[in-house]
Amino acid sequence: MKALLTVVGVVFVGVVGYKILKKQAPGVIRGVKGAIARTGEKVGLAIDDAKESFYEGYAQA
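Student: What should I look at first to understand the overall build of the protein chain in this one?
Tutor: The secondary structure content of the protein chain amounts to two helices and zero strands. Radius of gyration (C-alpha) of the protein chain: 20 Å, far over the 10 Å computed for a compact globule of 61 residues. When its C-alpha atoms are laid out on the principal axes, the protein chain stretches across 55 × 35 × 5 Å. Put simply, the protein chain has 61 residues, and 2% of those count as buried. Taking the average location of the 9 positive side-chain charges in the protein chain and that of its 5 negative ones, the two points are 27 Å from each other.

Student: Is there a simple way to explain a nonpolar patch on the surface in this structure?
Tutor: Where nonpolar side chains cluster on the molecular surface, the patch consists of Met1, Leu4, Leu5 and Val8 and spans about 470 Å² of accessible area. By the secondary structure assignment, Leu4 is in helix 1 (residues 2-24).

What counts, and at which threshold
- Residues numbered from 1 in each chain as written.
- Predicted model: local features only at pLDDT ≥ 70, side-chain atom pairs only at ≥ 80, totals over all residues.
- Heavy atoms only, no water.
- Helix = DSSP H or I, 4+ residues; strand = E, 2+ residues; numbered from the N terminus.
- Rg over C-alpha atoms; globule rule 2.2 N^0.38 Å.
- Buried < 20%, exposed > 50% of the residue type's maximum accessible area, 1.4 Å probe, protein only.
- Lys, Arg positive; Asp, Glu negative; His and termini not counted.
- Charge placed at Lys NZ, Arg CZ, Asp CG, Glu CD.
- Patch = residues over 30% accessible without salt bridge, like charges linked within 9 Å, V, L, I, M, F, W, Y side chains within 5 Å.
- Areas by Shrake-Rupley, 256 points an atom, 1.4 Å probe, with all protein chains shown as cover.
- Salt bridge = Lys/Arg side-chain N within 4 Å of Asp/Glu carboxyl O.

Structure (structure tokens):
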């Protein structure tokens, strides 16, 4: 029960903090969202490169 209350408290604080940050500095939220999107694209490219390298190595074996 104590762990559940802790999780609920952390989620509540996170939501309230997000709302305050969004109201006070909306540019920060946009910057973070953009950084996350760019990171996701880079991870996707790295996975594609690894997959391509694997297939090239597998085809030669």
